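Breakdown of the fold
These are the residues of each chain, in order.
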Amino acid sequence: MGVKLRIQKGIIHLVIVQNGVRRQISTGLHLTGYKTQDAEVMKLAELLRSKKEIQIIERENGMNTQEGKMTLFNYLSQCADEKGHESQFYKALPYVEKFGGKEIKINAITSRWFENFQKRMEKDSGLKPATAEKYCCIIRQCLKKAVRDGAIYTDPTDGIRHIRVPENEKPYLTADEVKRMAQTAYKMPHTDEALQDEVRRAFLFAICTGLRVSDVQLLEWQHIDLETKQLAKIQKKTKRAVYIPLKNDALTLILDGKEHSQSERVFPLLAKTRTSTNRYIIQWAKAAGIKKHVTWHIARHTDATLLLEYGADLYTVQRLLGHTKIATTAKYAKVTDRKSREAVAALPDFGIKK
């Protein structure tokens, strides 16, 4: 019996060999490329490896962990508390309680139980398929954490299909629409003009870089190298580093001729405000004559779609946006038909006549 660490494409896995059988499970930890931070990540990975080894020894000797005796409801509540008061985990709790999660213990959950839970979420919860799937994914995430924590030995959700969710189109702005917004001056009454100006610049900067609003808010001058014209930042959501070349448009939006300290925010008013800045963006788009529902996230969709539209390949876009899976990036390829038109146009003439 043994548990070792394995790094594959920047993701750290546990490799478990027991009774001649070899299994590999993800720790959920990613290497960032930053030496100091990666050293801390590896310390945590080693801790998880050690805990997993102890867990296996305990099970082989008929022992059990205290966490495994917790109910799913209580374990999920604990996970939600660790995530913070805004965590989506809290929203899943009523459905876990409704469909038996308050009685069943973590170590008693089977694949059949989770399949039945997921079916009831689909049929009896009153939720849309996408929302039901989101909450089921939270339970999956919770049970995977239970495996890493040593509360259970195997993940009962492994191999169980996800709820099928109809694909939604990802809205984006065309290059002409971006120009129209950039050239449209709009002032929202009874709103700080300095904040409005910063939101405008930050939104257009997000289109140029593909950053999420959370990363735009946290952006500091130390993340921007003006000599190489490159942005390097660890994303708040995925904890993965992105390296983004900055075109002149992006630099024009942030350079003000002043000197800034490394820890200073690039968009300080946006970082501090508690006002819903989406309201301004929606009204600004309407003033530019755009009928689409324009919010912060459409900036990221726009960057991804336009990159593909103007010739970038999927893997390049994946790196620029920091997607963990190529399948996520591929969804944007369905929006643009440029490659399809080029592929069809490249076919030879078959000489077909009327």
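Our structure is the block above this text.
Let us look at the structure shown here. Everything numeric in this text was worked out from a predicted model, so none of it was measured.

This part covers empty space enclosed by the protein. Overall, the coordinates contain one cavity of 30 Å³ or more when judged by the stated rule. As a volume, the largest cavity reaches approximately 70 Å³. When residues of the lining of the largest cavity are traced back to their parent elements, those giving at least two are α7 (193–209) and α11 (278–287).

Take the layout of surface pockets next. When its volume is computed, the second largest pocket comes out at roughly 600 Å³. Along the wall of the second largest pocket there are 20 residues; nearest its centre are V178, I207, C208, K247 and D249. For the lining of the second largest pocket, the secondary structure elements donating two or more residues are α6 (175–182), α7, β6 (241–245), α9 (248–254) and α12 (296–309). Considering only residue class, the lining of the second largest pocket consists of 13 nonpolar, two polar and five charged.

Attention now moves to the sheet that holds strand β4 (residues 224–225). Here we have three strands laid out as an open sheet, ordered β4-β5-β6, and antiparallel in their pairing. At either margin of the open sheet sits one strand with a lone partner, and together these are β4 and β6. As paired elements, β4 and strand β5 (residues 230–234) share two bridges and run antiparallel to each other. Its bridge partner lying in β5, I224 is registered against L231.

What follows is about the pattern of salt bridges. Counted according to the given criterion, the structure contains 13 salt bridges. The salt bridge partner of R120 is D124, with a shortest N-O separation of 3.8 Å. The class for D124 is partly exposed, based on a relative accessible area of 42%.

Between α12 and helix α14 (residues 326–333), the shortest axis-to-axis distance is 9 Å and the interhelical angle comes to 75°. Between α12 and α14, the angle is such that the two are roughly perpendicular. Across from H301, A304, T305 and L308 in α12, the residues of α14 making contact are T329, Y332 and A333. A per-class count over the contact of α12 with α14 returns four nonpolar, three polar and no charged.

The subject of this paragraph is the sheet that holds strand β1 (residues 2–8). Taking strand neighbours across the sheet as the criterion, the three strands line up as β1-β2-β3 in an open arrangement whose pairing is antiparallel. Every other strand in the sheet has two partners, leaving β1 and β3 (21–30) as the edge strands with one partner each. Going across the sheet, the axis of each strand differs from the next one's by a mean of 25°, ignoring polarity.

Now for α11. When we look at burial in α11, the residues that qualify are Y280, I281, W284 and A285. An end-on view of α11 places all buried positions within 130° of arc, on one side of the element. At the C-terminal side of α11, G289 shows a positive phi close to 80°.

Basis of the calculations
Residues numbered from 1 in each chain as written. Predicted model: local features only at pLDDT ≥ 70, side-chain atom pairs only at ≥ 80, totals over all residues. Heavy atoms only, no water. 1 Å grid on protein atoms, 1.4 Å probe; cavity = no way out; pocket = protein on both sides within 12 Å on 5 of 7 lines; lining within 4 Å. Points joined across faces, edges and corners; volume = space filled by probe spheres on them. Helix = DSSP H or I, 4+ residues; strand = E, 2+ residues; numbered from the N terminus. Nonpolar A, V, L, I, M, F, W, Y, C, P; charged D, E, K, R; others polar. Pairing = 2+ DSSP bridges. Salt bridge = Lys/Arg side-chain N within 4 Å of Asp/Glu carboxyl O. Buried < 20%, exposed > 50% of the residue type's maximum accessible area, 1.4 Å probe, protein only. Axes fitted to C-alpha atoms, helices over the stretch in contact; angles between N-to-C directions. Parallel < 35°, antiparallel > 145°, perpendicular 65-115°, else oblique. Contact = heavy atoms within 4.5 Å. Arc of directions from axis to C-beta.

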